[in-house]
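Here's the letter readout for the chains.
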Amino acid sequence: MYAPGKYSSRGPALIPRMKTKHRIYYITLFSVVLLGLIATGMFQFWPHSIESTADWTLDKRSVHDAPLVRLTASSPIPERGDLSCRMHTCFDVYRCGYNPKNKIKVYIYPLQRFVDDLGVPISNTGLSREYNDLLSAISDSDFYTDDVTRACLFIPSIDVLNQNSLRIRETAQAFAMLPRWDKGMNHLLFNMLPGGPPDYNTALDVPRDRVVLAGGGFSTWTYRQGYDVSIPVYSPLSADVELPERQPGPRRYFILSSQTAIHREYRAELERLKEENGEALLLLDKCSNLSQGAASARKRCYKGQVYDYPQILQESSFCVVLRGARLGQAALSDVLQAGCVPVILADSYILPFSEVLDWKRASVVIPEEKLSEMYTILKSIPHRQVEEMQRQARWFWEAYFSSMKAIGLTTLQIINDRIYPYAARTYEQWNNPPVVKWSSVNSPLFLPLIPPRAPGFTAVVLTYDRVESLFRVITEISKVPSLAKLLVVWNNQNKSPPEESLWPKVGVPLKVVRTKENKLSNRFFPYDEIETEAVLAIDDDIIMLTSDELQFGYEVWREFPDRLVGYPGRLHLWDHEMGKWKYESEWTNEVSMVLTGAAFYHKYFNYLYTYKMPGDIKNWVDAHMNCEDIAMNFLVANITGKAPIKVTPRKKFKCPECTAIDGLSLDQTHMVERSECINKFASVFATMPLKVVEHRADPVLYKDDFPEKLKSFPNIGSL
């Protein structure tokens, strides 16, 4: 039998109770181990650098509260600067590494007050409002990081925008004391007013080692191509004066000069031009009868007459921007804001952001020695081009000059594009103003422009009752190697299409769609039968195009799937006498439209034409039985901001068997109505989206003296 066991209030005493002193020992040991694990975890996930805790926040921008750093006479000084620096020699791109967003990370040093042995600051202005705005914008952007270990680019909080306020040697010593300096590697400085009297160097005089310099007055002698960034000189008037955007067009004055510190030789030449051209040129200077101050800075005078500045700039088509003591002038920003085309006379000047901006579209650059020919040069520019330049000048200011934020973020984007070139902005993104888009429509064409996966194209033939001509078109198109399908849009409700046995025998699927109403817009309907991305819109009388011409047109479209690619080109012109747009079909050097009687385009535009065409344009086209091609050109240009591409030399569609009764385009009122269409559509779009180009695409060996049988496209046809 079992003896009765001992029980306690906790149950049977199966295990002897631990002695008190041992229990205290194990509890203490367990506590030590637990605290150690907690400390290890905190160390593992806590930022490893003290610098990373110094976030650039509002409460840390006061210079008075910043820690004091004393420089000694023996403090190291960086080297003068290496003119041979390039991104592959003086910049460690590996520090930037790979990240899914293809975005560099920028670290801003915490504010510090640098003083010499005697307690004198290195700058007599401290942190300027402009530099504070710049740093604030960067800290609020996607580029910014407060973790110094993740940073690719470092920006000192030392303000060197204006060299006149700096002590050169001491500022250089302050740079060398920055903890991540490393001879300036991967550091960026912003300077807008370089040099000083008497030489006025075109780059910052502060020794800076290998720093990337964003400078506001570079010359070709001091600018390191692909390394430095040329930035504009910010104009304080941008923040203080609001100039409403003015529509492009002729202005009261043809040329205006408003700068006050012009060299006497240049002013004498301008006065001579004024004498020759009278009221067409307005030559302003500072007002001698006004007291000096902020108010007088916003005034300009001519023979006692006072003008408001910069408002007066909006009254001129062209505005002169001459070099002063420095190459970079704040007047350039004022001129752009006014929508006045700047006429820049500053030899060797590196224009702001010229690495990415196409200044030929927004300015006229004239050598200083040709100042006397300025009026003649400007008069030779067509009115339409001047209007485009006025529009582009204003947009350049809005996008890249209008604030310190715009200047700073543009600079960082340029550097970002160098480091991640495969994700860089395109020429169009930098230089084309954003087009009007509808919020409910998201174009798939933002994807990389690569050939589509769906092979070939679908030919959509619009027809009414020209059966013989239709069959000839089908026969010719069927010879094109890349044809995937034929879709015939039968637009005649009073007559049935021919019997199936009568249609030409072709090697691709042929489908006939009967419409409910006779509308020109039926050619652009998004039919379910269209399975390819490429669409060839073609009329039933276009029998003159060869298979080589059609195949070449398709090959060009594959390289530019967001464009209209067509054959005969047309142009829109501004009629100054009538004050409205005009349709032009004669021989010109320019093209802004291609006829969709035969044109390739992406099938997505069928959806936009049918469901998202603004206003009553589609109804207008159907009511007038005209201009559906102009409407499609407007639509594509407005969505993409790009011009069409004309291929091959063919100028007209000549149908030898068509009569005046058969051919809609031969009607006497046709041309007049086409001009009315352009004005109507421009009114609905509230802009003129059509873009003008002066080129076309031809095969590489088209004109070469080369055996025809060795050419890819020997039969390109004639005019």
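Residues numbered from 1 in each chain as written. Predicted model: local features only at pLDDT ≥ 70, side-chain atom pairs only at ≥ 80, totals over all residues. Heavy atoms only, no water.

### What about the overall build of the chain?
To keep things clear, this is the line we draw: The numbering of helices and of strands both runs from the N terminus, where a helix is a DSSP run of H or I of at least 4 residues and a strand a run of E of at least 2. Accessibility here uses a 1.4 Å probe with only protein chains present; expressed as a share of the type maximum, an area under 20% marks a residue as buried, one over 50% as exposed, and anything in between as partly exposed. Residues are treated as being in contact if the distance between any of their heavy atoms lies within 4.5 Å. For accessible areas, the Shrake-Rupley method is used with a probe of radius 1.4 Å. Any residue's cover is judged against the shown protein chains and nothing else.
On a plain count of helices and strands, the chain comes out with 18 helices and 26 strands. Per-residue burial over the chain gives 51% buried out of 719 residues. The contacts of the chain with a sequence gap of at least 6 include a subset with a gap of at least 24, amounting to 77%. As presented, the chain carries roughly 36400 Å² of accessible surface, and 54% of it is formed by carbon and sulfur atoms.

### Examining the packing of helix 17 (residues 628–640) against helix 18 (residues 670–685)
Put simply, the rule reads: Comment: axis = line fitted to C-alpha atoms, over the contacting stretch for helices; angle = value between 0 and 180 degrees taken between N-to-C directions. In this scheme the crossing of two helices becomes right-handed for a clockwise turn of the near helix relative to the far one and left-handed for an anticlockwise turn of less than a right angle. Here the term charged refers only to Asp, Glu, Lys and Arg, the term nonpolar to Ala, Val, Leu, Ile, Met, Phe, Trp, Tyr, Cys and Pro, and the term polar to all other amino acids, Gly among them.
For the pair helix 17 and helix 18, the least separation of the axes is 10 Å and the interaxial angle reads 35°. Read as a crossing pair, helix 17 and helix 18 show a hand that is right-handed. On helix 18, the residues that touch Asp629, Ile630, Ala631, Phe634, Leu635 and Asn638 of helix 17 are Arg674, Cys677, Ile678, Phe681, Ala682 and Phe685. Across the contact of helix 17 with helix 18, the residue classes tally to nine nonpolar, one polar and two charged.

### Side note on the sheet that holds strand 25 (residues 598–602)
Picture the strands of a sheet paired through backbone hydrogen bonds; they go either parallel or antiparallel. Put simply, the test is: At least two DSSP bridges between two strands are needed for those strands to be called paired.
Strand order in the open sheet formed by seven strands is 19-18-17-20-25-21-26, with mixed pairing between adjacent strands. Each of the sheet's edge strands pairs with one partner strand only, and the pair in question is strand 19 (510–514) and strand 26 (645–646). Sheet analysis places strand 18 (residues 483–490) next to strand 19, joined by five bridges and oriented parallel. The partner of Val489 across the bridge, within strand 19, is Val513.

### Points about the packing of helix 16 (residues 617–624) against helix 18
As a reminder of what qualifies: Put simply, angles under 35 degrees are roughly parallel, angles over 145 are roughly antiparallel, angles from 65 to 115 are roughly perpendicular, and the rest are oblique.
Viewed as axis vectors pointing N to C, helix 16 and helix 18 meet at an angle of 165°, and their least axial separation amounts to 11 Å. Comparing their axes, helix 18 and helix 16 come out roughly antiparallel. Considering how the two elements wind past one another, helix 16 and helix 18 form a crossing that is right-handed. Of the residues in helix 18, those touching helix 16 at Ile617, Trp620, Val621 and His624 are Glu673, Cys677, Lys680, Phe681, Val684 and Phe685. Residue classes in the contact of helix 16 with helix 18 are distributed as seven nonpolar, one polar and two charged.

### Details of the pairing of strand 13 (residues 305–308)
Across four bridges, the pairing between strand 12 (residues 299–302) and strand 13 is antiparallel. Residue pairing for strand 13: Arg300 is matched across the bridge by Tyr307. Counted between consecutive antiparallel strands, the loop separating strand 12 from strand 13 contains two residues, among which Lys303 sits at a positive phi close to 50°.

### What to know about the pattern of salt bridges
Operational definition: Salt bridges are identified by distance alone: a Lys or Arg side-chain nitrogen within 4 Å of an Asp or Glu carboxyl oxygen.
This structure, assessed with the given rule, holds 29 salt bridges. For Glu517, the salt bridge identified is with Lys519, shortest N-O distance 3.5 Å. According to the relative accessible area criterion, Glu517 is partly exposed, its value standing at 48%. Here Lys519 falls in the partly exposed class, since its relative accessible area comes to 27%. Shared partners join several salt bridges into a network, and the residues in it are Asp116, Arg167 and Glu170.

### Details of the state of the cysteines
The condition is simple: In this description, the term disulfide denotes a pair of cysteine sulfurs within 2.5 Å.
For the structure on display, the rule yields five disulfides. A sulfur-sulfur separation of 2.2 Å characterises the disulfide bridge that pairs Cys319 with Cys340. Residues Cys319 and Cys340 share a disulfide whose torsion about the S-S bond is about 105°; that sign makes it right-handed. A residue pair is termed long-range when its members are at least 10 positions apart, and Cys319 in strand 14 (residues 316–322) and Cys340 in the loop between helix 8 (331–337) and strand 15 (341–345) qualify at 21 residues. The exposure classification of Cys319 matches that of Cys340, with both residues buried.

### Considerations on the UniProt feature "coiled-coil region" (unreviewed entry) in the chain
Inclusion rule: UniProt positions are given in the numbering used here, feature names are shortened, and annotations may be inferred rather than shown by experiment.
The feature "coiled-coil region" (unreviewed entry), as annotated in UniProt, sits at residues 256–283 in this numbering. From the first C-alpha to the last, residues 256–283 spans 6 Å; its make-up is 50% helix and 18% strand.

### Comments concerning the environment of Leu564
On the secondary structure map, Leu564 appears in the loop between helix 14 (547–559) and strand 21 (565–566). Between the C-alpha atom of Leu564 and that of Lys642, which follows or precedes it by 78 residues, the distance is 9.3 Å. Beyond its immediate stretch of four places on either side in the chain, Leu564 contacts Val594, Phe600, Tyr601, Met632, Asn633, Val636, Pro644 and Ile645.

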